[in-house]
Amino acid sequence: MIRPLTRNDREAVLRLLAGTGMFTEAEIAVAEEQLDIFLTQPAQKDYDIVVVADEAGGVAGFLSWGPTPLTEGTYDLYWMAVAPNRQGRGYGKALVRWLEDRARAANGRLIVIETSSQPKYHPTRAFYLGLGYNEAARIPDFYKPGDARVIYTKELVQE
Ligand SMILES: CC(C)(COP(=O)(O)OP(=O)(O)OC[C@H]1O[C@@H](n2cnc3c(N)ncnc32)[C@H](O)[C@@H]1OP(=O)(O)O)[C@@H](O)C(=O)NCCC(=O)NCCS
C-alpha cells in the first residue's frame, strides 16, 4: 500500500497538494522541486518520497522525509498530504507509522516535523499530537507576522 513515488504519480501528488487548499503556490512549487529531485536524481540521499495507494490503486496521499543534515539519527518529515476525499481513513497515520518504522530500522532516534501556527493547521497539529508528537519549540512570527513555526518531535524507541 505504501511504495516509492514514480513519475506516473507526479501529477496526482501535485493535484492532491493543491486540492487540500492548505498550500500556497510558492509552497507547491517547493514541493514540486523536491518531487523532481527525487524522480531525476536516483543517487541523491536527501529525500525519500513515498505514496500510499487507495483500494483502487490511486494515490491517496504522499510523504517526503529524509535524514536531517549534520545530525546523527535525526530525521525530518518534510511534506505530507492526503487527498481531501481520502482524509480521515487512516492513510496519514499509515504514512507516519511507515516513516517511523523506516527511521527506526536505520537507527533513527528522533523525528522532527515543522508546521505553521495558523488556525487552518489546527487539524494538522491535532493529527501530529494524536500520533504521539510533542511540541518542542515555537518560533513566533517565523513565516510571517503572527504565523509561528511550530516544531514537533518524537523520540523513537528501538523495539
Ligand atoms: C494531516 C493529514 C495528513 C492527516 O491525514 P489523514 O489521512 O486525514 O489522517 P488519518 O485518517 O490517518 O488520521 C489519523 C489519526 O489522526 C486523527 N485526526 C485526523 N485528522 C484530525 C483532526 N482534524 N482533528 C483531530 N484528530 C485528527 C484521526 O482521528 C486519527 O486518530 P485515530 O487513529 O485515533 O482514529 C491530512 O488531513 C492532510 O493532508 N491535511 C492537509 C495537508 C496538511 O496539513 N499536511 C501537513 C502539512 S505540515
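Before reading on, note that the structure itself is shown above.
Residues numbered from 1 in each chain as written. Predicted model: local features only at pLDDT ≥ 70, side-chain atom pairs only at ≥ 80, totals over all residues. Heavy atoms only, no water.

This part is about the site of the ligand. Surrounding the ligand, one finds 19 residues, the nearest of these being Met80, Val82, Gly90, Lys93 and Thr124. Here Met80 contributes a backbone N or O atom positioned 2.8 Å from a nitrogen atom of the ligand. A distance of 2.6 Å separates an oxygen atom of the ligand from a polar side-chain atom of Thr124. Sorting the residues of the shell around the ligand by element identifies β4 (74–82), α3 (91–105) and α4 (122–130) as the ones contributing at least two each. A per-element tally of the shell around the ligand places α4 first, with 5 residues. Its residues assigned to classes, the shell around the ligand comprises 11 nonpolar, 6 polar and 2 charged. (Near = heavy atom within 4 Å. Polar contact = N/O pair within 3.5 Å; in protein donor to acceptor, adjacent residues only side chain to side chain. Helix = DSSP H or I, 4+ residues; strand = E, 2+ residues; numbered from the N terminus. Nonpolar A, V, L, I, M, F, W, Y, C, P; charged D, E, K, R; others polar.)

Taken across its 9 residues, β4 has 8 buried, putting it largely inside the fold. Alignment of strand β3 (residues 59–67) against β4, held across 7 bridges, turns out to be antiparallel. Residue pairing in the sheet places Ser64 in a bridge with Trp79 of β4. Linkage of β3 to β4, two consecutive antiparallel strands, is achieved through a turn of 6 residues, within which Leu70 is found at a positive phi near 65°. Of the strand pairs in this sheet, β4 and strand β5 (residues 110–116) are connected by 4 bridges, and their pairing is parallel. By the bridge assignment for β5, Leu77 is matched with Ile113. In the classification by handedness, the crossover that spans β4, the intervening α3 and the parallel β5 is right-handed. (Buried < 20%, exposed > 50% of the residue type's maximum accessible area, 1.4 Å probe, protein only. Pairing = 2+ DSSP bridges. Right-handed = clockwise from strand over helix to strand, strands pointing away.)

With 15 residues, α3 ought to run about 21 Å at 1.5 Å a step, and its terminal C-alpha atoms sit 21 Å apart, in line with that. Of the residues making up α3, those classed as buried are Tyr91, Gly92, Leu95, Val96, Trp98, Leu99, Glu100, Ala103 and Arg104. (Expected span 1.5 Å × (residues − 1).)

By the secondary structure assignment, Arg125 is in helix α4. Of the buried charged residues, Arg125 lacks a salt bridge, with Glu135 as the closest side chain of opposite charge at 6.4 Å. A polar atom in the side chain of Arg125 sits 3.3 Å from the backbone oxygen of Ser117. The residues contacting Arg125, other than those within four sequence positions of it, are Thr115, Ser116, Ser117, Gln118, Val150 and Tyr152. (Lys, Arg positive; Asp, Glu negative; His and termini not counted. Salt bridge = Lys/Arg side-chain N within 4 Å of Asp/Glu carboxyl O. Contact = heavy atoms within 4.5 Å.)

For the structure on display, the rule yields 11 salt bridges. Put simply, Arg104 and Asp101 hold a salt bridge, and the shortest N to O gap is 3.0 Å. Taken together, the positions of Arg104 and Asp101, both in helix α3 and 3 residues apart, correspond to about one turn of that helix. A relative accessible area of 12% places Arg104 in the buried class. Assessed through its relative accessible area of 45%, Asp101 is described here as partly exposed. Several salt bridges converge on common partners, so that one network encompasses Arg10, Glu11, Glu32 and Asp36.

Further remarks concern the sheet that holds strand β1 (residues 2–4). With respect to topology, 7 strands assemble into an open sheet ordered β1-β2-β3-β4-β5-β7-β6, the strand pairing being mixed. A single partner strand is all that each edge strand has here, and the edge strands are β1 and β6 (134–144). Each adjacent strand pair in this sheet contributes to an overall mean axis angle of 30°, direction not counted. Contacting β2 (48–53), β3 and β4, helix α2 (residues 25–40) crosses the sheet at an angle of about 115° to β4. (Axes fitted to C-alpha atoms, helices over the stretch in contact; angles between N-to-C directions.)

Our next topic: the packing of aromatic side chains. Applying the stated rule across the entire model yields 8 aromatic pairs. Ring geometry for Tyr128 against Tyr133: centres 6.4 Å apart, planes inclined by 65°, an arrangement best described as edge-to-face. Residue classification places Tyr128 among the buried positions, given a relative accessible area of 6%. We classify Tyr133 as buried; its relative accessible area is 1%. Taken together, a centroid distance of 6.0 Å and an interplanar angle of 45° make the contact between Tyr128 and Tyr152 tilted. On the criterion of sequence distance, the pair formed by Tyr128 in helix α4 and Tyr152 in strand β7 (residues 147–155) is long-range, its members being 24 residues apart. For the pair formed by Tyr128 and Tyr152, the shared burial category is buried. Members of the aromatic cluster, joined through ring pairs, are Phe127, Tyr128, Tyr133 and Tyr152. (Phe/Tyr/Trp six-rings, centres within 6.5 Å; stacked < 30°, edge-to-face > 60°.)

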